[in-house]
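Secondary and tertiary structure notes
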Amino acid sequence: MAGSLQPRRLFLQGVAAAFMFAFASLYAQIPGLYGREGILPARKMLRPLGKGLWQQLWEVPTLLWLSPSLGLDTEQGMELLSLLGTLCSLGALLVPALRHSLLYLLLWTLYLSLYQVGQVFLYFQWDSLLLETGFLAVLVAPLQPSRGRETSGPPHADVPFWLVRWLLFRLMFASGVVKLTSRCPTWWGLTALTYHYETQCLPTPAAWFAHHLPVWLHKLSVVATFLIEIAVPILFFAPIRRLRLAAFYSQALLQILIIITGNYNFFNLLTLVLTTSLLDDKHVSWWLGPGRAKQPPAAWTGRLLTASTLLLEAAVYGLLAYGTVHYFDLELDKEWGSIQAKTAFTFHEFSQWLKVVTMPSVWLGIASLLWVLLGALYRCARIRRWPGKLKAAVQLSIVGAATAAMFTISLVPYTYLEPGTNRQLWAGAHRLFSTVEHLQLANSYGLFRRMTGLAGRPEVVLEGSYDGQSWTEIEFMYKPGNVSVAPPLVVPHQPRLDWQMWFAALGHHTHSPWFSSLVYRLLQGKAQVIRLLQVDTSRYPFWEQPPTYIRAQLYKYWFSRPGEQSQWWRRKWSEEFFPQVTLGDPKLESLLAQFGLQDKSPGRPPPSSASPLPQALRWLRNQLTPLAAPVLLWGLICSVVAIHIFQALLFPGPRRPETVGGEKNKPPSQKEKVGKERSQPQGPEGAGNSSKGTRRKK
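Conventions and cut-offs
- Residues numbered from 1 in each chain as written.
- Predicted model: local features only at pLDDT ≥ 70, side-chain atom pairs only at ≥ 80, totals over all residues.
- Heavy atoms only, no water.
- Helix = DSSP H or I, 4+ residues; strand = E, 2+ residues; numbered from the N terminus.
- Buried < 20%, exposed > 50% of the residue type's maximum accessible area, 1.4 Å probe, protein only.
- Contact = heavy atoms within 4.5 Å.
- Areas by Shrake-Rupley, 256 points an atom, 1.4 Å probe, with all protein chains shown as cover.
- Axes fitted to C-alpha atoms, helices over the stretch in contact; angles between N-to-C directions.
- Parallel < 35°, antiparallel > 145°, perpendicular 65-115°, else oblique.
- Left-handed = near helix turned anticlockwise from the far one by under 90°.
- Nonpolar A, V, L, I, M, F, W, Y, C, P; charged D, E, K, R; others polar.
- Salt bridge = Lys/Arg side-chain N within 4 Å of Asp/Glu carboxyl O.
- Pairing = 2+ DSSP bridges.
- Polar contact = N/O pair within 3.5 Å; in protein donor to acceptor, adjacent residues only side chain to side chain.
- Phe/Tyr/Trp six-rings, centres within 6.5 Å; stacked < 30°, edge-to-face > 60°.
- Lys, Arg positive; Asp, Glu negative; His and termini not counted.
- Expected span 1.5 Å × (residues − 1).
- pLDDT = per-residue confidence, 0-100.

This part covers the overall build of the chain. A tally of regular secondary structure across the chain gives 27 helices and eight strands. Across the 698 residues in the chain, those meeting the buried criterion constitute 49%. The long-range fraction of contacts in the chain, counting pairs at least 24 apart against all pairs at least 6 apart in sequence, stands at 76%. On the chain, roughly 34,600 Å² of surface is accessible, and the fraction owed to carbon and sulfur atoms is 62%.

Remark: helix α4 (residues 74–94) packs on helix α25 (residues 629–650), axes separated minimally by 10 Å, with the N-to-C direction vectors making an angle of 30°. Judged by the inter-axis angle, α4 sits roughly parallel to α25. Handedness of the crossing formed by α4 with α25: right-handed. Residues T86, L90, L93 and L94 of α4 form the contact with α25, whose participating residues are L636, V640, I643, H644 and Q647. Its residues placed into classes, the contact of α4 with α25 shows six nonpolar, three polar and no charged.

This part is about the environment of S484. On the secondary structure map, S484 appears in the loop between β4 (472–474) and α20 (496–504). Residues S484 and S560 lie 76 residues apart in sequence; the distance between their C-alpha atoms is 9.8 Å. Other than its neighbours up to four places away in sequence, S484 contacts S566, Q567 and W568.

A word on the pattern of salt bridges. Applying the stated rule across the entire model yields 15 salt bridges. Residue D280 pairs with R241 through a salt bridge whose shortest N-O separation is 2.5 Å. Within this pair, whereas D280 is found in the loop between α13 (267–274) and α14 (281–288), its partner R241 is found in helix α12 (residues 241–261), the two being separated by 39 residues in sequence. Taking relative accessible area as the criterion, D280 reaches 10% and is therefore assigned buried. In this structure, E473 and R571 form a salt bridge, with 2.5 Å as the shortest nitrogen-oxygen distance.

Bringing the sheet that holds strand β5 (residues 549–559) into the picture now. The four strands lie next to each other as β4-β3-β5-β6, forming an open sheet whose pairing is antiparallel. Lying at the two open borders of the sheet, with one neighbouring strand each, are β4 and β6 (569–581). Each adjacent strand pair in this sheet contributes to an overall mean axis angle of 35°, direction not counted. Strand direction decides the pairing type here: strand β3 (residues 457–465) and β5, joined by nine bridges, are antiparallel. Counterpart to P458 in the pairing with β5 is K556.

Here the focus is the side chain of Q116. Residue position: Q116 is located in helix α5 (residues 101–117). Under the relative-accessibility criterion, Q116 is labelled buried at 16%. A polar side-chain atom of Q116 sits 3.4 Å from the main-chain carbonyl oxygen of H438. In contact with Q116, other than residues within four places in its own chain, are M45, V60, P61, T62 and H438.

Right, let's get into the packing of aromatic side chains. Under the definition given, this model contains 50 aromatic pairs. Measuring from centroid to centroid gives 5.8 Å for F19 and F23, while their planes differ by 20°, and the two rings are stacked. Residue F19 and its partner F23 are located together in helix α1 (residues 5–27), separated by four residues, close to a single helical turn. Aromatic side chains W166 and F237 sit 6.3 Å apart centroid to centroid with 50° between the ring planes, which places their arrangement in the tilted category.

What follows covers the side chain of E198. Among the structural elements, E198 can be located in helix α9 (residues 193–199). Buried E198, no salt bridge; nearest opposite-charge side chain is R570, N-O distance 5.9 Å. For E198, the contacting residues outside a window of four places in its chain are H211, R457, W558, F559 and W569.

This part covers α12. Between its terminal C-alpha atoms α12 stretches 31 Å, which fits the 30 Å expected from 21 residues at 1.5 Å a residue. Every buried residue of α12 is accounted for by L243, R244, L245, A247, F248, S250, Q251, A252, L254, Q255, I258 and T261.

Next up on the list: the packing of α12 against α13. Angle between the axes and distance between the axes are the two parameters that describe a pair of packed helices. In the contact formed by α12 and α13, the axes pass within 9 Å of each other and the chain directions differ by 170°. Our classification of the angle between α12 and α13 gives roughly antiparallel. Along this stretch, α12 crosses α13, giving a crossing that reads as left-handed. Between α12, through A252, Q255, I258 and I259, and α13, the contact on the second element is made entirely by N268, T271 and L272. Classifying every residue of the contact of α12 with α13 gives four nonpolar, three polar and no charged.

With that out of the way, let us pick up unusual backbone geometry. With omega at 10°, the peptide bond leading from V491 into P492 counts as cis. Within the element layout of this structure, P492 appears in the loop between β4 and α20. Phi at Q440 is positive, roughly 60°, even though this residue is not glycine. Along the chain, Q440 turns up in the loop between α19 (427–436) and β3.

With that out of the way, let us pick up the confidence of the model for the chain. When pLDDT is averaged along the chain, the result is 88; 88% of the residues meet or exceed 70. For the stretch residues 655–667, pLDDT sits under 50, and the model shows 13 contacts to residues farther than four places along the chain or on other chains. Below a pLDDT of 50 lies the segment residues 669–698, which in the model reaches twelve contacts outside its immediate sequence neighbourhood of four places, other chains included.

See the structure below:
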C-alpha cells in the first residue's frame, strides 16, 4: 500500500461528505421522528439508570445525557448534535487542516450519540457502516497537520488505512455470500433483478427502464453481481497493482449502477469511499494530471518481470472467466442473440466451499496486514536520525497495536457467515468483541439477502375520513402511492419513515409497533409528523382539521407496461393492513399500551428553555422547516462546490509540470544552473550571464 497519500485524502474527504449527508438528513426529520410529539419520542430512551455519569456514558454512550445541563430537552439535544456534526463535516470538506484525527473522533461520537436513541429508524446497515468507517477515519487521519508538500506521510500511515480495505472486503464478500446462503430462489435462479428494480424501497425513474430490459440481460447481471461481490474481493489483496485497479473499477461500476437505479442515501457513496483503499498515488495523479509520462526503456530484468506479471494477470482473468462460464453454465444463443445462464452448483456444494474458504480468507487478511506492518517497519528503519527513528517506532507500535485489535474484533462478525469458522476463533477475540460491541466498531453485513415482492410490490396506503364512509388517500413525498407520479430522486437524503413503511408492508402491522404511534399522531394532527409525509402542507388533505378516522390498506404495485404513458405504476388491492380507528378507540389504545407508546404524561419543558441556546435552535428550525430535506442537502453540496471553485479561482495552486517528449519541464536545480552557466557560450550572442563571463576572461 505504499504511496497512498492521495487515496487517504480522498477517503477522509469522502467520510466527511457521508457524515454531512447523514447529519443533515437526520436533522430535518428529528421533530417528527423523535420529538416530544413525534412517532418515537427519544426522551424515553434516556431514563436515568441510578448510576454515575461515566457508568451511564459507557453503558449507553451518548452525549445526550448532558442535554439538561445545557437547558435542552432530548429533541433539542439531538438537533444540536446534528447541527454540530453537519458543520464539522462541512468544515472538513472545505479546510484540509481540519481533517484531523480529533475532528473525526468528534463526528463519530456525535453520530454514535444519535444512534443510541434512534431506535428502529436508525437501525440500518449503512448507519452501522458509517460508524465503523468513521472510527477507521479516526485512525487514518493525521494527529498533526502536514508541513509543506508532504509526499508520503509518516511511516505508519498505511497501517490503519489497510483496515479500510479489509472493511471493503468484508462488506462486499458478505453481501455476495448471504444471497446464496439465504436460499432465496430468485438469487439461485438468477432472476432476482427481474423483481429488484420495482420492489426496492425507493426506485428512481431509471429503475422503470432497467426493469423492462430483457430477462437474459437481468440473469447475466446477476452473474456479474456474484462475480463482483464474491470472486473479485480476493483481488483486493493481490500483490499486482493492475489487479487491484481492476477490482476497484468493478466495484465502482456496481455502486454507480445502484445509485442510478435506486435511492440508497449515502450508502453507495460510502462504499465508493471505501474503494479508495485500492488506489495509489500514481493512479490518482494520472486522474488529476495532464497525462502519463513516457518511461525510459527498462533493463532486461525489468522486461522479464513485466512479462511475468502480464502472464500472471492473464491467468487470473482467465481463471475468473472460466469459473464464471463453468459455474453459471453460460451459453451463447445464436438464434436470439443472447447469453443464457443458470446456476450449475448446489446449495450443499456452496456451503462446503464456504467452509473451505472462510478460514483461509482470515489468514489472507493476517498475511496482508503483516506485509503492511513490515513495510512500515522498513520505512522506520530508513530514517537516518535516531530521535526521528525512535519517534516513528513508538508511533508504529501504538498504531499497529490498535490496527491489530480492530482486525481481531472484526473477525467475530465477519465469521458469522460460517458458524463453524466462528467457533474456531480465539476465545479472546469473542471477549474483546463483546466488550466493545455496543460501540459499533465492527459489524456484520449482508445486503439484499432475500428478494421480496415476488407476487407484486406490497405497499401500505393510509386513508383518512371525517365520517367513516368517504375516504381520502394520504400520500407520501417519496414512497410509491399515486400511480401517476414518477419515482423521485432523493439521494443522498434518506426519508426514514418511508423506508420503514416499506418494511412494514412485508408483515403484519404488529411487527412494526411504531405504525400505531404514526396513526395516533396523525389523528391528533401533529404538524411535525405530518411534515414527514408532506413538507408542502397544501398537499396534505387533512391539514386544516385532522381526520376523525384513519385506516390502512395493503396494495400490490407493479411498474406500468411500456406504452402506458399516463402512469408509472399499476396496483391492485390486496387486504386491510390496519383497522379503522379513531382517537379513544380501544383497539388503538390497546396497541399503544402493548408497545409502551402511550404518552399520557408528556412532561414539562426544561426550566431554562428560554435561554439563548434553545431559542437559537427553535429559530433555526422555524427557518428551515419549509425546506424539503433533499433541497437542504443539495444546497450544502452546491455550497461546497461553489466554495471550492471560488478558492481555485482566487488562490490558484502551483502550476503542474507539463510533459513534453516524455520528460517533465521542471525548474532546474542549483547544481544544474551552475553546470549550465559553465557550458554557456561567452560573448554577446550567448545566453545567461554572458557579460560576467566576458569580464572574467578579460
